[in-house]
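Chains, contacts and geometry: an overview
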6 protein chains.
Amino acid sequence: MIRRIDRIAIEMPPPSDPDPEGAAAVQELLGGRFGEMSTFLNYTFQSFNFRNKQGARPFYDLVANIAAEEFGHVELVAVAINTMLTGASPIDGGQAPKASLAPLKGVGNPHHFLVGGQGALPQNSLGQPWSGDYVFSSGDIVEDLTHNFFLETGARNGKLKVYEMVEHPAARALTGYLLVRGGVHQVAYARALERLTGADLMKLFPSPRIPTEKIPECKPYIERGEHLRLYRFSPSDYLELGAVFTGPHPETGEELVVEDEAPEGAPAFDLPSQPAVFAPDYAPEEIAKIAEKLRTDAGLSKAPTGVVAKQPSRRASGSGSGRKRMAAGTK
Amino acid sequence: MIRRIDRIAIEMPPPSDPDPEGAAAVQELLGGRFGEMSTFLNYTFQSFNFRNKQGARPFYDLVANIAAEEFGHVELVAVAINTMLTGASPIDGGQAPKASLAPLKGVGNPHHFLVGGQGALPQNSLGQPWSGDYVFSSGDIVEDLTHNFFLETGARNGKLKVYEMVEHPAARALTGYLLVRGGVHQVAYARALERLTGADLMKLFPSPRIPTEKIPECKPYIERGEHLRLYRFSPSDYLELGAVFTGPHPETGEELVVEDEAPEGAPAFDLPSQPAVFAPDYAPEEIAKIAEKLRTDAGLSKAPTGVVAKQPSRRASGSGSGRKRMAAGTK
Amino acid sequence: MIRRIDRIAIEMPPPSDPDPEGAAAVQELLGGRFGEMSTFLNYTFQSFNFRNKQGARPFYDLVANIAAEEFGHVELVAVAINTMLTGASPIDGGQAPKASLAPLKGVGNPHHFLVGGQGALPQNSLGQPWSGDYVFSSGDIVEDLTHNFFLETGARNGKLKVYEMVEHPAARALTGYLLVRGGVHQVAYARALERLTGADLMKLFPSPRIPTEKIPECKPYIERGEHLRLYRFSPSDYLELGAVFTGPHPETGEELVVEDEAPEGAPAFDLPSQPAVFAPDYAPEEIAKIAEKLRTDAGLSKAPTGVVAKQPSRRASGSGSGRKRMAAGTK
Amino acid sequence: MIRRIDRIAIEMPPPSDPDPEGAAAVQELLGGRFGEMSTFLNYTFQSFNFRNKQGARPFYDLVANIAAEEFGHVELVAVAINTMLTGASPIDGGQAPKASLAPLKGVGNPHHFLVGGQGALPQNSLGQPWSGDYVFSSGDIVEDLTHNFFLETGARNGKLKVYEMVEHPAARALTGYLLVRGGVHQVAYARALERLTGADLMKLFPSPRIPTEKIPECKPYIERGEHLRLYRFSPSDYLELGAVFTGPHPETGEELVVEDEAPEGAPAFDLPSQPAVFAPDYAPEEIAKIAEKLRTDAGLSKAPTGVVAKQPSRRASGSGSGRKRMAAGTK
Amino acid sequence: MIRRIDRIAIEMPPPSDPDPEGAAAVQELLGGRFGEMSTFLNYTFQSFNFRNKQGARPFYDLVANIAAEEFGHVELVAVAINTMLTGASPIDGGQAPKASLAPLKGVGNPHHFLVGGQGALPQNSLGQPWSGDYVFSSGDIVEDLTHNFFLETGARNGKLKVYEMVEHPAARALTGYLLVRGGVHQVAYARALERLTGADLMKLFPSPRIPTEKIPECKPYIERGEHLRLYRFSPSDYLELGAVFTGPHPETGEELVVEDEAPEGAPAFDLPSQPAVFAPDYAPEEIAKIAEKLRTDAGLSKAPTGVVAKQPSRRASGSGSGRKRMAAGTK
Amino acid sequence: MIRRIDRIAIEMPPPSDPDPEGAAAVQELLGGRFGEMSTFLNYTFQSFNFRNKQGARPFYDLVANIAAEEFGHVELVAVAINTMLTGASPIDGGQAPKASLAPLKGVGNPHHFLVGGQGALPQNSLGQPWSGDYVFSSGDIVEDLTHNFFLETGARNGKLKVYEMVEHPAARALTGYLLVRGGVHQVAYARALERLTGADLMKLFPSPRIPTEKIPECKPYIERGEHLRLYRFSPSDYLELGAVFTGPHPETGEELVVEDEAPEGAPAFDLPSQPAVFAPDYAPEEIAKIAEKLRTDAGLSKAPTGVVAKQPSRRASGSGSGRKRMAAGTK
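In short, a report on the structure. Computed from a predicted structure; not experimentally measured.

**Here we look at the relation of the copies chain B and chain A**
Of the two same-sequence chains, chain B is brought onto chain A (RMSD 0.0 Å, axial shift 0.0 Å) by a rotation of 180°. Expressed as a symmetry operation, the mapping of one chain copy onto the other fits a two-fold axis. Both copies share a contact surface, since 100% of the interface residues of chain B are interface residues in chain A too.

**A few points about the side chain of B:Glu28**
Secondary-structure assignment places B:Glu28 in helix α2 (residues 28-31). The buried charged residue B:Glu28 lacks any salt bridge partner; its closest oppositely charged side chain belongs to B:Arg33, at an N-O distance of 7.8 Å. At 2.9 Å, the side chain of B:Glu28 and the side chain of C:His111 are in polar contact. Not counting chain neighbours up to four residues away, the residues in contact with B:Glu28 comprise B:Arg33, B:Gly35, B:Asn124, B:Ser125, C:His111, C:Leu114 and C:Val115.

**Let's talk about empty space enclosed by the protein**
Of the voids in this model, the largest cavity is the one considered here, and its volume is about 1,200 Å³. Forming the boundary of the largest cavity are 39 residues, of which B:Pro129, C:Pro129, D:Pro129, E:Pro129 and F:Pro129 lie nearest the centre. Class assignment of the residues belonging to the lining of the largest cavity gives a composition of 15 nonpolar, 12 polar and 12 charged.

**Description of the relation of the copies chain C and chain B**
Superposing chain C onto chain B takes a rotation of 120° plus a shift of 0.0 Å along the axis, which leaves an RMSD of 0.0 Å. Such values leave the two copies arranged in the relation of a three-fold axis.

**Some points on the interface of chain C and chain B**
Many authors give the size of an interface as the accessible area that is lost as the parts come together. Between chain C and chain B, the residue contacts involve 31 residues of the former and 27 residues of the latter. Interface area for chain C against chain B, summed over the two sides, is near 2,100 Å², with a carbon-plus-sulfur share of 62%. Three residues stand out in chain C for area buried against chain B, namely C:Pro97, C:Lys105 and C:Leu114, and they jointly supply 33% of the buried area on that side. Counting across the interface, chain C meets chain B through one salt bridge.

**A short note on the pattern of salt bridges**
Within the structure shown, the criterion is met by 90 salt bridges over all chains. Residues B:Glu226 and B:Arg224 are paired through a salt bridge, measuring 3.1 Å at the closest nitrogen-oxygen approach. Connected through shared salt-bridge partners, A:Glu69, A:Arg181, A:Arg224, A:Glu226, A:Arg229 and A:Glu259 make up one network.

**What about the interface of chain B and chain A?**
Taken residue by residue, the interface counts 101 residues in chain B and 101 residues in chain A. Here chain B and chain A share an interface that buries about 8,600 Å² over both sides, 59% of which is from carbon and sulfur atoms. The largest contributions to the chain B side of the interface with chain A come from B:Met1, B:Arg4 and B:Arg51, which together make up 14% of the buried area. On inspection of chain B and its partner chain A, the count reaches four salt bridges. Note that B:Glu240 and A:Arg295 form a salt bridge whose closest N and O atoms lie 2.7 Å from each other. If you look at where chain B meets chain A, you find 63 residue pairs in polar contact (both at pLDDT 80 or more). At the level of secondary structure, the elements contributing two or more residues to the side of chain B that touches chain A comprise β1 (2-4), α3 (36-49), α4 (57-85), α7 (169-197) and α9 (284-297) of chain B. The leading source of residues in the side of chain B that touches chain A is α4(B), at 15 residues. Looking at the side of chain B that touches chain A residue by residue, the classes come out as 57 nonpolar, 26 polar and 18 charged. In the sheet, strand β1 (residues 2-4) of chain A pairs with β1(B) via three bridges, with the strands oriented antiparallel. If you follow A:Arg3 over to β1(B), its bridge partner there is B:Arg3.

**Describing the environment of C:Gly132**
Position of C:Gly132 relative to the elements: it lies in the loop between α5 (111-114) and α6 (141-165). Distance from C:Gly132 to C:Glu223, taken between C-alpha atoms, is 37 Å for residues 91 residues apart in sequence. Filtering out sequence-adjacent residues up to four positions away, C:Gly132 remains in contact with D:Pro122, D:Pro129 and D:Trp130.

**Brief notes about the nonpolar core**
For soluble globular proteins, nonpolar side chains are generally found buried alongside one another. With 378 residues, the main nonpolar core has A:Met12, B:Met12, C:Met12, D:Met12, E:Met12 and F:Met12 as its most contacted residues. With residues near it in sequence (within four places) discarded, B:Met12 still touches B:Leu76, B:Val79, B:Ala80, B:Ala170, B:Ala173, B:Leu174 and B:Phe269.

**What about the side chain of C:Ser125?**
Its place among the elements puts C:Ser125 in the loop between α5 and α6. Within the structure, C:Ser125 has its side chain in polar contact with the side chain of C:Glu28 (distance 2.5 Å). In contact with C:Ser125, not counting residues within four places along its chain, are C:Ala24, C:Ala25, C:Gln27, C:Glu28, E:Pro110, E:His111 and E:Leu114.

The rules behind the values
Residues numbered from 1 in each chain as written. Chains lettered and ligands numbered in written order. Predicted model: local features only at pLDDT ≥ 70, side-chain atom pairs only at ≥ 80, totals over all residues. Heavy atoms only, no water. Least-squares fit on C-alpha atoms with pLDDT ≥ 70 in both. Contact = heavy atoms within 4.5 Å. Helix = DSSP H or I, 4+ residues; strand = E, 2+ residues; numbered from the N terminus. Buried < 20%, exposed > 50% of the residue type's maximum accessible area, 1.4 Å probe, protein only. Lys, Arg positive; Asp, Glu negative; His and termini not counted. Salt bridge = Lys/Arg side-chain N within 4 Å of Asp/Glu carboxyl O. Polar contact = N/O pair within 3.5 Å; in protein donor to acceptor, adjacent residues only side chain to side chain. 1 Å grid on protein atoms, 1.4 Å probe; cavity = no way out; pocket = protein on both sides within 12 Å on 5 of 7 lines; lining within 4 Å. Points joined across faces, edges and corners; volume = space filled by probe spheres on them. Nonpolar A, V, L, I, M, F, W, Y, C, P; charged D, E, K, R; others polar. Buried area = accessible area lost by both parts, 1.4 Å probe. Pairing = 2+ DSSP bridges. Core = buried A, V, L, I, M, F, W, Y, C linked by side-chain atoms within 4.5 Å.

Taken by themselves, the reported measurements are silent on function.
Structure (structure tokens):
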């Protein structure tokens, strides 16, 4: 079972200029074969299917626990995509039956606008759905770990390339963080293989062969030691992580660390309505009134209880001007 | 983000006679269009993509929180399938290069044996992979809720039919529980639609038109009031659930209840190794020795720290006799 | 546009012993690459996309008109499958929560029972969905006709093989008829190609090389001349068929004929409820009462107005005994 | 069975400036999950699979009859796409081996040019094929109707968004009409559910929450009362529609009406040849000569017998200038 | 470019008792994610896409050359499947319109009989088509080799499990050989990774952890040293293999060897006609007469020139008795 | 089995201006339904599955041999795509973590950059994977040949359209050659059908109806007689080709010819590294040093042994300027 926390892994930038083509590319990190749905669901299924857990407990704990972190990565990619799509249709006065989506014809992933509500989809950069075929769960622990090491390698490749292609601040914040955390998981699986077989895999790092410290958006995380830490994403379980995740980091030589608490994270921005795509409605203010009444009837506070990131003072995203930026920016 | 707890939603029966054909059928509840991966990932994506959360907070909280419970349902279906596959290949002395899988030729889902390690797969009852196409996230709150109500209806249909087809104790324990909990979610989404539009949907219940109290395996849960309760699956968030999930239950007239804590759940059985399919290895005892040494080196206890369900005194599933049961039982 | 007639192409036998494995095989003729959905939708899309219709009118008329007949073939395959599935779960007293579907575990296409209501699905014999990829519509008239000739050839192969594999009376009635009508379409497309290019294709018949008159179930149709006739499936249009469909039949030498009216067809049997799969409901008699009241309220007759085939005096398929037959017959 | 009429549901505009990117977007309404192939084939399969038709006749008649109208909607989307693609490659002098398709590199759906003949394809806006997976036919009448209501809701969303994105006259004529007719079907399925269960669903309208009267292209149809009428698409059958489709319209309060005859429709334009993609041929005039001779030989009139829309006096789409418009218009 | 030799990699057994369920399982080794089409086409695409070949020549030569051997493995799996399907329908007197395929209803992969001619298909053990998605070609040499090592590991797992499940002599001959040759490729890719990075991967062997010498059907190949040899599958190229494939074998310590010539192989059996599925025809003797005449007309020998394996003296496969064995053997 | 030769079918032009949108279109000829993977694998599987080869030897030899030529066509399309993608990211100084791929956002097939290393993929022009569903292998020789004739017709259509859309020199060199060679195969299959049935198919040529001599890039091949020759792609086998491939060419009347040796082909260019996508590495010069050392250690020459096409004197592709051309050329 899980418990859910309404916070995201890191502070993400607020919406700024929309970037629908960038958002279409970032989908590769969500629903692509090497995207975060794949890492999340591979490790999740492997943990479900683990036999003789007690006999192989440190390895089970490692896989089951990394799975939990990956959920937060899926979430973070979704946040980036939603942020990049905000303002792609006009935020004010952009409702149907106007031609509010006309500047988006032929731009980016059409399902972002025609099917979804300018939101993230379980698709890759070609708009193809994530598939259960992407899950590898052979039950053979050495084989599953070999796969996981390969998967993290492919994932790192994808993150580097999205980094190079998409300069939007949300995409850069995302890839900077994921490259560092993905690197930790790559090391973790290599270490696990080493523990089981005696092979020495540390010289395979980094793969692809560019160290994360060359990447400006990775630096703050490296300075905080995020490249060395495996967090325990459970209040009670997966205590044997530390039996596997030990020794020096293959690139820096610093000692690997297990953190007993999951990172605190940060609240996400409350992304504004996009009435042109009916998200969350054609007239969101009516929903707000209903919500307020429901809260009052239920004896809750009149104001919403949820915590969201504080909006920067100037209105950075969208409104009518968002559309103009689109017209200029993408065509 | 999530935190993961190494417990499952309910106590499940230990492995008994293997039922590979039943396990193939139960896959529909895991990777089918109306299976638990679909409920989990639909609500998860809808919560990721929610715009103007503060304005529509009670609805956001409802969807985001039910998503968290659904993870536990995915897990539970996987437990059932793994339990049913235990012993399908001989547990002792059934290692390659013997013809240990010969009795399984043409039986059930071949990927359970040829690709996986007698474990659950993200596939439906035809062996087709779960697809991101199954996720509906339009961003329009009324439309998403309409979808969710329909999805739970289809899911209930699937559970009823699997109940009728598969008599294995694990399948019955699973469907008994899921029918009750799915019913709660069906009500929750109908209530949310009512709150937003004023329509009266309660007369659509039950759909399909068979009340759960007719089903023996549902009874214990109904007696405990599980058909009335929506749990909050977060230590800190989703406080506004209760503004939506109120009023009488459409079938019994009892008052709906919001529980502030998630259910405690239970430990799962540690399913035995299946060396014929190398799960977790050809010689699992070697893994166990490595694990013990790693624990000791790391200053942890010599014995594994994880908590698993206590094995019933005898009839521990499978071994050589498991195979005989197969031969007799499925062909 | 179309008009729909509530009759099927030929008289079909009433339900008898259920044959779920046969029904799974017959799906190939419905949703397979060479099944009737493919012939129907290929010709339909080609007719939609036809350019310069006036210039090429006889060819347009031919394709558009055969499309209309193919709809009736899709319907007929569905009737056969539904007939063969009737009684596979017990018709009386077989409602949930009994294990009414237990004898069907591992038998036939599981979606017939777990997802559908013992009804036809747009799938092939492997349970794979029909795909828009099966439609070929290049716009090039010679190429489209070449494709159509090939498609009918592949379809004939499939029908012959289903004939050989499935002996259920509904399957035999179906394939006997479709082999004859498919042969007419194969000739029609070959003739069209001949008219356009001057090539002589008649020596390609029959392909596969077994004449339909060898097949007992084809005989009645050949005796009635159905192998020679192209019907006009429109009260007003497609008058230029006859400019293409002329000359001798390649196998018998008899003259081809255009019929100005579509065949009269026959009413279908009203297949009985299957309450174990909730089709059309758990308690169908309640639906019937509602329907009667609605009719009366609307000033219609108290009895239903639709025409269905007259049930044979006894042996109305299924009931409790249907299940016994299953148990004996398929396992 | 069906009869086919060589007319389309409404008068559509003649080809004007080509809009290949718009055509790619409109494909969502053809082959998307919520497109017209889905409505057509869902209701068609549900009608094929209906059990106990006599007992539930009004509901069977409703579903079977709406299926027939949907065929005409599929056709209409195809007409729109074909119209929008006309002239995208030069109509005169644009034959291979020139680089006639060079301006279309990277524009719209490449299969419109490389695989098809500038015609409609059974694909969505991402170029993904329509799939049999989109058909839901559970056999349970309440569940199927719940699905159908949801499907029409999703379809309405898609139509609104395509309306906003694509301003081409053919796309606007299409979506204006389909929004009105889709609305009728949405009401019909809600009414059917109400009749069966007693639930009150009328307050769910409109969903998405924008009334069609706000949309200029819907107005003429609303003025003609098309939002209130359910047509009987059969010369002989489906007489019990009227027992379900009664009462006030949920948005306007006007009384719903059953029309005993299908709409007359209108002839389609005969779209000109596109020799650059060999549609219908590299040298269509040769085909025309063959056709004329075949007609004469068959004793038919020398001129084609089919009825097509009268071409407007000038500006008949395309020719060389079509290409220039492309170059200017899409890149 | 390639040259093709009409010989197969090893002598395979002649047809004996048909095993359609076994053949369905063996398909996993042909069209599964880890089957031979995957190894063949992965290495082939990687060799096509190799950049800076001259700079990385030993690695290019290795990948390009192994690709060539894999073609022969695809072929060999096909031979095994065809052999196992021979006689599944009666060889004499089993032509349509008899019910020759009736005993095969519900047995094995229905496409073997309904779509194909009792031949191999590019599908896996679930009947799902091989997909281009299975090809990984990142262009990054370390990453591609990491993938290839993982792919061979997964392939070895699949071969072991098919070995355990299918006892038919053709399946055993196949898997015995492929396990040995796959092991060589697994070593080759590990060595290549070691050369490029300095990591030590030899301790990962064997994976899965069962040495091939435990498998009787592998023994003859190990005795001949096939587990040590990499053949050069080119008369002229790929000379730099030997710069990578050196050092001791990880399991036996024997020295690895590069052979300058490809193995000689053996002729395949000429599998008999299966007239019930029209393979190669309903009346194959007519084809033979035509062939003879064509040869004579072309000045070739009257007898066929091809070399096939000598049939064992007694007719081991099929005829009428094949069918009886089916009935007894698989149901 | 095959032998592989490190040469390609014809001399191809060196990289020049990159054309990522053109490369995305050319993918249709690689992984599309009518692309070269389809021709290659259709004929390959048909040859694997051929029954009674000795009886039908001339036909088996024809199919098996053409399969071998098709491998070289797959390779040639890959060369064209790789050539067109060279320089799309900057060749010098374009490494991560720069935004080297930013000009490619929204351009062409994103998988060329985000997943692959600017290399060919087994995908079509929509980025959809090649599928085993594209293989038709019924075992019925007449039917398979009918299919093959149709397949070559569709393939010719695709080549003509790619020719019209993509003017890049590599695409034109490719399509010019493939149109001629595909024409030979189209004739070969038609002739085979004629030999078996007596039908006269020559009047179906050319289809689509544009003779290759109208296409400038085809001319050199026609002048060399390539449209008349079927090469034997085996040093030892497939001797009976000539019994089928005889008579006059349907378009020119010249006599068809069987060549006893395969064409010599030409070396390919060694395409330069693309470090922005890590192909073959971030720092390819390090790989080169390792390779040199490995060669020396193995007693091979210090310089690479492979033969590649001689680079034209001026550096035609890429470097920094490649990027500028991109920016100017595609957006």
